[in-house]
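Next come the chains, spelled out residue by residue.
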Amino acid sequence: MPVVDVDPDELRDLTGREKSDDDLRADLFDLGLEFEGWTEDDEMQLEFAPDRLDRLSVEGIARSLRYHYGDDRGVYVPTTNDAEWTIEVDSSVPEGRPYVTGAVVRGLDMDEEALQSLIQVQEKLHATMGRGRAKGAIGVHDLVALKGAPGTGGEKTIRYVGVDPDGDRFVPLDSDSEMTPADVLSDHPIGDKYGDLVDGFDRYPAIYDSIGLFSFPPVINGRRTEVSTQSRDLFIEMTGTDQWTIDHMLNIVCYALEARGARVERVDVTYDDDATGEFAGETLDRPDLSVDRKTVTHDRIESIIGVDLSPEEIVDCAERAGLDAEVSEDADVDGGAYEVEIPPYRVDVLHPLDVIDDIGRAYGFNDLAPRYPDVSTVGGRHERSRLEDAARDALVGLGFEDLLNFHMINAAENFERMNLGDPREDDAHAHGDVLGAAEPTTIREPYSEAYTMLRTWALPSLLMVLERNTHRAYPQDLAEIGLAAHLDESENTGVAERRTVAAVLARTDASYEDAKARLQALAGAFGKTLETPPTEHPSFIPGRAAEVVLDGESAGVIGEIHPEVLVEHDLELPVAAFEFRLDALN
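Being a predicted model, the structure only gives us computed values, none of them experimental. Positions within a chain are numbered from 1, following the residues in the order the chain's sequence is written. In view of the model being predicted, local features appear only for residues whose pLDDT reaches at least 70, and side-chain atom pairs are presented and counted only at 80 or more, with totals across whole chains, interfaces and linings using the full set of residues. Side-chain measures here rest on the full set of heavy atoms in the structure, leaving out hydrogens and waters.

## Section: the packing of aromatic side chains
Ring pairs are drawn from Phe, Tyr and Trp, using the six-membered ring of Trp, whenever the two centres fall within 6.5 Å, and their geometry is named by plane angle: stacked under 30 degrees, edge-to-face over 60, tilted for the rest. In this structure the tally under the stated criterion is 11 aromatic pairs. Look at Phe578 and Phe580: their rings are 6.2 Å apart centre to centre, the planes differ by 25 degrees, and that puts the pair in the stacked class. The pair formed by Phe578 and Phe580 is uniform in burial state, with each residue classed as buried. Feature note: the residues Tyr76, Tyr255 and Tyr345 constitute an aromatic cluster, connected by ring pairs. Over the face of the ring belonging to Tyr345 we find Arg63, whose NZ or CZ atom lies 4.3 Å from the ring centre. Think of it in three bands: with a 1.4 Å probe and only protein chains considered, a residue is buried below 20% of the maximum accessible area for its type, exposed above 50%, and partly exposed in between. For a Lys NZ or an Arg CZ to count as sitting over a ring, it must be within 6 Å of the ring centre and within 35 degrees of the ring normal.

## Some points on the pairing of strand 24 (residues 540-550)
Here a strand pair is declared whenever DSSP counts at least two bridges between the two strands. A run of H or I in DSSP becomes a helix once it reaches four residues, and a run of E becomes a strand once it reaches two; helices and strands are each numbered from the N terminus. The pairing of strand 23 (residues 530-531) with strand 24 spans two bridges and is antiparallel. Counted as the bridge partner of Glu531 is Val549 from strand 24. Summarising the sheet, strand 24 and strand 25 (residues 553-561) pair through seven bridges and their orientation is antiparallel. Paired with Ala546 across the two strands is Ile558, which belongs to strand 25. Hairpin remark: strand 24 followed by strand 25, antiparallel, with two residues in the connecting loop; positive phi at Asp551, about 50 degrees.

## Considerations on the sheet that holds strand 1 (residues 3-6)
If you trace the three strands from one edge of the open sheet to the other, you get 1-3-2, paired in antiparallel fashion. Each end of this open sheet is capped by a strand with a single partner; those strands are strand 1 and strand 2 (34-38). Strand-to-strand twist of the sheet, defined as the mean angle between neighbouring strand axes without regard to direction, takes the value 30 degrees. Note that strand 2 and strand 3 (residues 44-47) share four bridges and pair antiparallel. Directly across from Glu34, in strand 3, lies its bridge partner Glu47. Axis geometry follows a simple rule: fit a line to the C-alpha atoms, using only the stretch in contact for helices, then measure angles between N-to-C directions, giving values from 0 to 180 degrees.

## Considering the sheet that holds strand 22 (residues 495-506)
Within the open sheet, the seven strands sit side by side as 18-21-22-26-25-24-23. Their pairing is mixed. This sheet does not close on itself; its edge strands, each paired only once, are strand 18 (401-403) and strand 23. Where strand 21 (residues 476-487) and strand 22 come together, 12 bridges link them in antiparallel fashion. When the sheet's bridge partners are listed, Ile481 is paired in strand 22 with Val501.

## What about the pairing of strand 17 (residues 337-342)?
In this sheet, strand 17 lies alongside strand 15 (residues 292-297) in antiparallel orientation, the contact comprising six bridges. Each residue of the ladder has a partner; that of Val296, found in strand 17, is Tyr338. Two strands pair when backbone bridges link them, and strand 16 (residues 324-327) and strand 17 are joined in this way by four bridges, in the antiparallel orientation. Considered in strand 17, the bridge of Ala325 is made with Val340.

## Points about the nonpolar core
Here the nonpolar core consists of buried residues drawn from Ala, Val, Leu, Ile, Met, Phe, Trp, Tyr and Cys, with membership extended through side-chain atoms lying within 4.5 Å. Counting residues in each nonpolar core, the largest one holds 64 residues, and the members touching the most others are Leu11, Leu125, Leu234, Phe235, Ile236 and Tyr271. Any two residues whose heavy atoms approach within 4.5 Å at even a single point are treated as in contact. Excluding anything up to four places from it in sequence, Ile236 contacts Thr101, Gly102, Ala103, Val105, Ile138, Gly139, Val140, Leu250, Val253 and Leu257.

## A look at the side chain of Glu10
Residue position: Glu10 is located in helix 1 (residues 8-15). Among the residues examined, Glu10 registers a relative accessible area of 12% and is labelled buried. Filtering out sequence-adjacent residues up to four positions away, Glu10 remains in contact with Val58, Glu113 and Arg260.

## Remarks on the environment of Phe540
Relative to the helices and strands, Phe540 resides in strand 24. Owing to a relative accessible area of 1%, Phe540 belongs among the buried residues under this scheme. Sequence separation of Phe540 and Val267 is 273 residues, and the distance between their C-alpha atoms is 61 Å. The residues touching Phe540, leaving out its near neighbours within four places in the chain, are Leu459, Ala545, Val557, Ile558, Gly559, Glu560, Ile561, His562 and Ala577.

## Brief notes about the side chain of Ser461
Within the element layout of this structure, Ser461 appears in helix 13 (residues 459-468). Look at Ser461 and you get buried, because its relative accessible area is 6%. Residues within four places of Ser461 in sequence aside, it is in contact with Asn405, Phe406, Ile409, Arg455 and Glu480.

## Here we look at unusual backbone geometry
Between Arg286 and the following residue, Pro287, the backbone shows a cis peptide bond with an omega angle of 5 degrees. On the secondary structure map, Pro287 appears in the loop between strand 14 (283-286) and strand 15. Cis peptide bonds are those with omega within 30 degrees of zero, and the linkage from Tyr474 to Pro475 qualifies with 5 degrees. Within the fold, Pro475 resides in the loop between helix 13 and strand 21. The phi dihedral of Arg133 is positive, around 75 degrees, even though this residue is not glycine. Secondary-structure assignment places Arg133 in the loop between helix 4 (112-127) and strand 6 (136-142).

## Overview of helix 2 (residues 21-30)
Within helix 2, the full set of buried residues consists of Leu24, Asp27 and Leu28. Looking down the long axis of helix 2, one finds its buried residues gathered within 100 degrees of arc, a one-sided arrangement. Away from its buried face, by an angle of more than 90 degrees, helix 2 presents the exposed residues Asp22 and Phe29. Looking at the buried side of helix 2, the elements it contacts are helix 1, strand 3 and helix 3 (58-69). This arc is taken over the directions from the axis of the helix to the C-beta atoms.

## With respect to the packing of helix 2 against helix 3
Axis separation between helix 2 and helix 3 bottoms out at 10 Å; the angle between their running directions is 85 degrees. On the basis of the axis angle, helix 2 is roughly perpendicular to helix 3. Side by side, helix 2 and helix 3 meet where Leu24, Asp27, Leu28 and Asp30 of the first sit next to Ile61, Leu65, His68 and Tyr69 of the second. Residues are grouped as follows: nonpolar covers Ala, Val, Leu, Ile, Met, Phe, Trp, Tyr, Cys and Pro; charged covers Asp, Glu, Lys and Arg; every other residue, Gly included, is treated as polar. A class-by-class count of the residues in the contact of helix 2 with helix 3 yields five nonpolar, one polar and two charged. Small angles under 35 degrees read as roughly parallel and large ones over 145 as roughly antiparallel, with 65 to 115 read as roughly perpendicular and the rest as oblique.

## Brief notes about the pattern of salt bridges
Here, a salt bridge means any side-chain nitrogen of Lys or Arg that lies within 4 Å of a carboxyl oxygen of Asp or Glu. Counted by the stated rule, this structure contains 44 salt bridges. Ionic pairing is found between Asp27 and Lys19, a salt bridge with its closest N-O pair at 3.2 Å. Taking relative accessible area as the criterion, Lys19 reaches 23% and is therefore assigned partly exposed. The closest approach of N and O atoms between Asp233 and Arg106, which form a salt bridge, is 3.8 Å. Within this pair, whereas Asp233 is found in the loop between strand 11 (220-221) and strand 12 (234-240), its partner Arg106 is found in strand 5 (residues 99-106), the two being separated by 127 residues in sequence. Taken together, the shared-partner salt bridges in this structure form one network comprising Arg381, Glu388, Asp389, Arg392, Asp402 and Arg499.

These figures come from the coordinates and say nothing about function on their own.
Listed below in structure tokens is the structure:
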């Protein structure tokens, strides 16, 4: 969870409220920000849900408090000056980082507190929306130090281009000597930290003014344009792999600086006709401060929050949450509806339920009277849960140790290390319909390389446990009942999910017969007839593998793990295993 350090005196100044520390903490808790303690500099450490990224700065938190106090209402969009600067995006920009956005901020009173707040929001946005600068990186520059080349319309122009690794030189931050981009990656500590973001690029991203190179995104800025407490006018540029992401990161920064009394000035972003990405040949007017809109029905608001509200109360709550709402004129909606406007700095409002959550917070969750639900049903276990518990008890009774592993995994563990080809990449080595070889459900923007997809079967997870427990005594008989999933167009969601039963026996005398004896006992406990016709599976030894057939229905596989798989997992003794669908025991 993100943690932000906030000076309570700054909160008082920015909100205009003389509140005690205890009262501030109570008000912040109402907003969902939890007090974690004090820093050595007597600043509050506040933890909050990662969806409200507009609260990554003291300015954003103060804005939320002003709405909470009723001092501000509705959607606020800053007025912006016409563009005097243009960012030209050249066709030489690397395909791996094609997008850029920017803004000019003027008239900023940059004292030490404002500078530290700007640095903090920059770092927190890098760590959250920017995914460690991989998806979006922020560069803030002293505008006075820039000299834009004259454009065709009289505007000042800077260029976003691709540069040779050993091309032009510049003096990076925290350095006194000129370096090429390649020098930065090899000799500068920041280059060592973020160099992997441009690893493999033939040309590196670079930003030039008419003087020369002044920014090497996403790695480091140049010292020439370094921001200090003397800076009054700033140029903000952001590069990344997704235009929506960097545009909304820019909005959050612009709102924070505007709260300090600065004026936001637009920048034109002009993409070359041959530029990579989806905006080739287009000119974007940035920052994009357009408001989003959601439609929310009256009945759904009342059913979710659990109280009866008049239209006037709903509009009032929406405005006190920083939204704008008006009664919809759509006569086809029973019970009425509302058209709700979302401010540009809110990146978390993706669904009408998010709007209802804001309305509920403005109403006050603590003001909701608890009541018993108006139903006469009695809670109980789902049949699937009963089956799962019964199967787990039976496995434990057969001598297995019950495990609970992560349902997420990566392709190397799920496929390659199990002797399976990845069906997405290498059709020649994919293994058809064998267990585990289905096309996986992947994470579009994974947070970690270790968890990039949902596992298609559970045996890889058990082999990973054995690999990490080679220092433990044997035998190790492990079992798990958990989730497995794969893509399936016949499903409404496009994904087929199932509960799967997997078990391994790791011991000096582990054999197919041992695994089948355990499986036979498990099937008998549920009154199922077990058949094991021979089959082939690349994770198992040929001739020592069989299909698991329960009551005439194919359900899984059983056998002795292939030596190549054992070596891959640093296992020096035999392993027998089986896996099958849980519902086959029903």
